[in-house]
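# Observations on the model geometry
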Amino acid sequence: MSVYHAGSRAVQDLVGVRDRADHVGRSLGPDIKPVAAAFLELQPLLVVGAADPGTGRVWASAVTGTPGFVRATGPRQMSVTGGPPPADPLATALTTPGTSVGTIALDPRTRRRMRLNGRLRPTPRGFAVAAEQVFANCPKYIQRRETCERVPDRAPGTPRPLARLGEEQAGLVAAADTFFLATVHTDGADVSHRGGDPGFVRVVSPRELAWPDYPGNAMFRSLGNLHADPRAGLLFLDWTTGTTLQLTGSARTGFGAGGERTVRFTVTGAVHAPAALPLRWSAPDHSPADPDTSR
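Described below are features of the structure shown in this document.

Quick notes on the rules
Residues numbered from 1 in each chain as written. Predicted model: local features only at pLDDT ≥ 70, side-chain atom pairs only at ≥ 80, totals over all residues. Heavy atoms only, no water. Buried < 20%, exposed > 50% of the residue type's maximum accessible area, 1.4 Å probe, protein only. Helix = DSSP H or I, 4+ residues; strand = E, 2+ residues; numbered from the N terminus. Pairing = 2+ DSSP bridges. Salt bridge = Lys/Arg side-chain N within 4 Å of Asp/Glu carboxyl O. Arc of directions from axis to C-beta. Contact = heavy atoms within 4.5 Å. Axes fitted to C-alpha atoms, helices over the stretch in contact; angles between N-to-C directions.

### Focus: the pairing of strand 14 (residues 208-212)
Across the five residues that make up strand 14, a large majority, four, are buried. Here five bridges tie strand 14 to strand 17 (residues 261-273), and the two strands are oriented antiparallel to one another. What sits directly across from Pro212, in strand 17, is Thr262.

If you want it as structure tokens, here you go:
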């Protein structure tokens, strides 16, 4: 049985990479291997994506904790201690049994990332995810940040729900070298990482963003999901101050004659949370894979 649904297949065929995708897809499976389990236990940050069961809106949220708060508690189960604050757009989804979730653990210190998708089960201390797909990605477009420290006395600001981007939110997006993209399909959810030089995400208007889709692993999980279901959620974070910007809306992909791909995202809702995360990372050393956007 293929690990890809019809949306991913359609994009793979459009780009002409089905054979390569089949080769890469052999790495997808439900097992959390020992090296993956060890990686998870070192992480202070996990990004989770899902659709809110009440509104259907798709969001991406950040969950943080002392390393060990995310761990494998079985060959096909990941457990998380804690969760987002009650005001987070995914607070309900992450306490609803059976929610399809996508997760990604990304470590800028080592430029490694791991994705685990499956079904959620609330627990007394947080939630667990029964793994359906577990896989690693190459280090492409991950900005290296040498150190990460916890800031226990950082006081989170009040989250602000917004209908459009203001000057402050637009500035955060324009300065971003990284964001996370949550997408969904009939049988699941997924979260992926996007990286580039600051300015690679353009603020077209207060309600529209655009970014180039750089060449990746040929699986086209995110773009395949968007081909079938345009709902999406974006998470931007300030790696120094811990401020987060969560966006929800819809996305569509344009395919250029020269093979270039551009994603345009329409904002239907946002949450801006100053100093939301108690983490401070060092300045980035940009990925050598990042295209030069200055030309």
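From this point on, the discussion continues.
### Some remarks on the pattern of salt bridges
Evaluation of the coordinates by the stated rule reveals 15 salt bridges. Note that Arg18 and Asp13 form a salt bridge whose closest N and O atoms lie 2.8 Å from each other. Overall, Asp13 belongs to the partly exposed group, its relative accessible area being 44%. Residues Arg261 and Asp213 are paired through a salt bridge, measuring 2.8 Å at the closest nitrogen-oxygen approach. Placement of Arg261 in strand 17 and of Asp213 in the loop between strand 14 and helix 5 (221-228) is noted, with a sequence separation of 48 residues between them. Both residues of the pair, Arg261 and Asp213, belong to the buried class. When salt bridges with common partners are traced through the structure, they connect Arg115, Asp190 and Arg221 into a single cluster.

### Details of helix 4 (residues 167-175)
Considered for burial, the residues of helix 4 that qualify are Gln169, Leu172 and Val173. End-on, the buried residues of helix 4 take up no more than an arc of 95 degrees, which puts them together on one face. Turned more than 90 degrees away from the buried face of helix 4 sit Glu167 and Ala175, all of them exposed. Residues of helix 4 that are buried in the fold lie against strand 10 (160-162), strand 13 (202-205), strand 14, strand 15 (231-237), strand 16 (244-255) and strand 17.

### Some details on the sheet that holds strand 5 (residues 100-107)
Pairing is antiparallel across the open sheet formed by seven strands, whose spatial order is 2-1-5-6-7-4-3. Looking at the sheet topology across the chains shown, the edges are occupied by strand 2 (58-64) and strand 3 (70-74). Ignoring strand direction, the axes of neighbouring strands in this sheet form an average angle of 35 degrees. The pairing of strand 5 with strand 6 (residues 112-123) spans eight bridges and is classified as antiparallel. From the neighbouring strand, Ile104 faces strand 6, where its bridge partner is Arg115.

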